[in-house]
Amino acid sequence: MLGLMQDRPLLITSIMEYAALYHSDCKVVTKAVEGGIHRTTYGEITQRSAKLANALAKLGLTSGNCVSSMAWNTYRHLELYLAVPCMGSILNTVNPRLFPEQISYILAHSESKIIFVDLTFVPQLEKLGDKIAKVETIVIMTDRANMPDTSLDNVLCYEELIDAEDDHYDWPDLDENMAAILCYTSGTTGDPKGVLYSHRSTLLQTYSSCTKDSLGVSKADVIFPIVPMFHVNAWGTPFAAAMTGSKLVLPGGDMTGENFYNMIKQEGCTISLGVPTIWLALLQYVSTLEDDDFTSLPIENFVVGGSAAAPSLIENLETTFDCSVVHAWGMTETSPLGSVNRLLAKHADLSDAEKMEIKVKQGRPPFGIEMKIVDDEGNQLPRDGIAFGRLMVRGSWVAKAYFKQPDLHILDDEGYFDTGDVSTLDPDGYMTIVDRSKDVIKSGGEWISSIDLENVALGQAQVAEAAVIGIAHPKWQERPLLIILPKPGESPTKDDILGYLDGKIAKWWTPDDVVFIDEMPHTATGKTQKRDLREIFKNYTFPE
Ligand code: ADP
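Residues numbered from 1 in each chain as written. Predicted model: local features only at pLDDT ≥ 70, side-chain atom pairs only at ≥ 80, totals over all residues. Heavy atoms only, no water.

Among the five residues of strand β9 (residues 194-198), four are classified as buried, and the element is accordingly described as predominantly covered. Pairing analysis gives five bridges linking strand β8 (residues 179-184) to β9, with the strands arranged antiparallel. Bridge pairing in β9 links Leu-182 to Leu-196. (Buried < 20%, exposed > 50% of the residue type's maximum accessible area, 1.4 Å probe, protein only. Helix = DSSP H or I, 4+ residues; strand = E, 2+ residues; numbered from the N terminus. Pairing = 2+ DSSP bridges.)

Here it is, written out as structure tokens:
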């Protein structure tokens, strides 16, 4: 017998309509790409989204087709986030930091005929030339006064495009399983792969992320996603903010510690989110300020994800700002929230050092995500916090296939997706990433976690960034090489670094060498680019 409850579809449209009705005066503040601070409200944004939808319909956009964006976190990008999926079309958020060939591949693969582009990225599109010949319309996301001279054809101005349109749009009744947003992985192996979120998966992820043990977003919050809207939907925060009516603060294209600090201070941000390099930039900037009392800011949480949060980073943020760091794990294929680290009630009386041992873990899966770890034969391994294996996840906001790649089977027999991460699961449900499977160092039949070594090295006072890669070794197969980017003005020696590691790691984990570099290569999503490091050190051999 079926239940007798209403079956309302789970649509992004319902988030937009709810925001229009209940949060219309809530603020959205952007560091504008053109300069200055732009202030608007969800009420205005939802009206402008309707105008945008009317304009897109006139440009010929129909249901099921893709529109691409190459844009920072701004109110205009938010309008695209709402208008495009709610029309029944698909927004493909392109990461502008990818290589030109990857960008032209993504634009072609998604069959986008319309691209929305921020002023910053116009030169990049110009350079793509006839590689994007199939694109029919390019909308530059600015007003008439700021329109650039450009060699691009068929260019429109965003504000002019929507200006003349009606602020009412008949949003269609959609199937909740319809595609909404397309996000490509950064393609560390082969071409980027498209993950196609549905309205339903987005809505369920949003509900989940707002719960207290997850990101805990509420109307009382001021939420500051520094993680870009071109990287897994800024971890879902634009939708979480619109659903709850929290004030939304957007950094635009100003990726400096100074801008992060100013926005946090001036707008009173309570929850800010980003990858570790963002927080290093913030800490570096505030270390140059003398008189400010950072502990009186209303910051509650810094959410750190995308790469491992080192204990030194967690401690530095918590003591500088008197706040709590929330470590989270996820990936494009998990929409992205797969686990969030909150302490349990039983941890309240632990010492700070004991709490830190828990905080560095990647966290517990929220309800809706199932996890298991398996060995190479697919056998489940115990949840004892010791055994480690391939991390497999299943849930309503986890990918089941890649866009237009039907032959690529990515789930096991039980429907779990292989994350490519190696991890442990402990009896309390905390998951710890040991490494990405391709980064782990295989030394004499045992594994060394590059993440663990990096986390310890980052605690040395002169170290700004640390990376460990495996170097081929005649006896041990691979041994760790520690690569250090020193803090500005510091010049640590190999002995300084190895002396610091001594006693903090197992003896056999000790890197066989320490080298120093002037610049750490980063991926398009701000993580250490180990592929480039392997290339730089491909002819490296350990000293005798
Ligand atoms: P990209 O490769 O484009 O950055 P993702 O953002 O999807 O793509 O990256 C997901 C991967 O990032 C995960 O599989 C994991 O290896 C790593 N990752 C994400 N969060 C964490 C974390 N908190 N600690 C360690 N690794 C993380």
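After that view, the rundown keeps rolling.
Bringing the packing of helix α10 (residues 257-267) against helix α11 (residues 276-286) into the picture now. At a minimum axis distance of 8 Å, the contact between α10 and α11 shows a crossing angle of 80°. Viewed along their axes, α10 and α11 adopt a mutual orientation that is roughly perpendicular. Every residue of α11 that contacts α10 at Gly-257, Glu-258, Phe-260, Tyr-261 and Ile-264 is listed here: Ile-278, Ala-281, Leu-282, Tyr-285 and Val-286. (Axes fitted to C-alpha atoms, helices over the stretch in contact; angles between N-to-C directions. Parallel < 35°, antiparallel > 145°, perpendicular 65-115°, else oblique. Contact = heavy atoms within 4.5 Å.)

So, on to the nonpolar core. The tendency in soluble globular proteins is for nonpolar side chains to be buried side by side. Counting residues in hydrophobic clusters, the biggest one holds 114 residues, and the most contacted among them are Phe-116, Trp-171, Trp-279, Leu-282, Phe-302, Leu-317 and Phe-321. Among the elements that line this core, the one with the most residues is helix α3 (residues 75-87), at nine residues. If we skip the residues at most four places from it in the chain, Leu-317 touches Trp-279, Leu-283, Phe-302, Val-304, Asp-322, Cys-323 and Val-325. Membership of the second largest hydrophobic core comes to 28 residues, among which are Leu-107, Val-117, Leu-125 and Met-147. (Core = buried A, V, L, I, M, F, W, Y, C linked by side-chain atoms within 4.5 Å.)

Turning our eyes to something else, we now look at the packing of α11 against helix α12 (residues 311-321). The interhelical angle for the contact between α11 and α12, taken along N-to-C directions, is 45°, at an axis separation of 11 Å. Relative to α12, the element α11 is oriented oblique. Seen along the crossing, α11 lies across α12 with a hand that is left-handed. Only Leu-313, Asn-316, Leu-317, Thr-320 and Phe-321 of α12 make contact with α11, whose side of the interface consists of Pro-276, Trp-279, Leu-280, Leu-282, Leu-283 and Val-286. By residue class, the composition of the contact of α11 with α12 is nine nonpolar, two polar and no charged. (Left-handed = near helix turned anticlockwise from the far one by under 90°. Nonpolar A, V, L, I, M, F, W, Y, C, P; charged D, E, K, R; others polar.)

Inspection of the secondary structure puts Asp-435 in strand β19 (residues 431-436). Of the side chains bearing the opposite charge, Lys-530 lies closest to the buried Asp-435, which forms no salt bridge; the N-O distance is 4.7 Å. Only 2.6 Å separates the side chain of Asp-435 from the backbone nitrogen of Ser-450, close enough to count as a polar contact. Setting aside anything within four residues of it in sequence, one finds Asp-435 in contact with Asp-421, Val-422, Val-440, Ile-448, Ser-449, Ser-450 and Ile-451. (Lys, Arg positive; Asp, Glu negative; His and termini not counted. Salt bridge = Lys/Arg side-chain N within 4 Å of Asp/Glu carboxyl O. Polar contact = N/O pair within 3.5 Å; in protein donor to acceptor, adjacent residues only side chain to side chain.)

Strand order across the open sheet formed by four strands is β16-β17-β18-β19, with antiparallel pairing between neighbours. Where the open sheet ends on each side, the last strands, each with one partner, are β16 (369-374) and β19. Going across the sheet, the axis of each strand differs from the next one's by a mean of 50°, ignoring polarity. In this structure, strand β17 (residues 389-395) lies alongside strand β18 (residues 417-425), joined through four bridges in antiparallel fashion. The residue bridging Met-392 from the neighbouring strand is Asp-418, located in β18.

The topology assignment puts Leu-156 in strand β7 (residues 155-157). Take Leu-156: its relative accessible area is 30%, and that puts it in the partly exposed class. Residues Leu-156 and Thr-137, spaced 19 residues apart in sequence, show a C-alpha to C-alpha distance of 7.3 Å. Among all residues touching Leu-156, those that are not within four sequence positions of it are Leu-59, Thr-137, Ile-138, Val-139, Ile-140, Met-147 and Leu-161.

Turning our eyes to something else, we now look at the site of the ligand. Lining the immediate environment of the ligand, one finds 16 residues, of which Ala-328, Thr-332, Asp-421, Arg-436 and Thr-525 sit closest. His-231 has a polar side-chain atom sitting 2.9 Å from an oxygen atom of the ligand. One of the side-chain N or O atoms of Thr-525 is found 2.7 Å from an oxygen atom in the ligand. If the ligand stood free it would expose 570 Å²; the protein chains cover 94% of that surface. Here the shell around the ligand takes four residues from strand β14 (residues 324-330), the largest share from any one element. (Near = heavy atom within 4 Å. Areas by Shrake-Rupley, 256 points an atom, 1.4 Å probe, with all protein chains shown as cover.)

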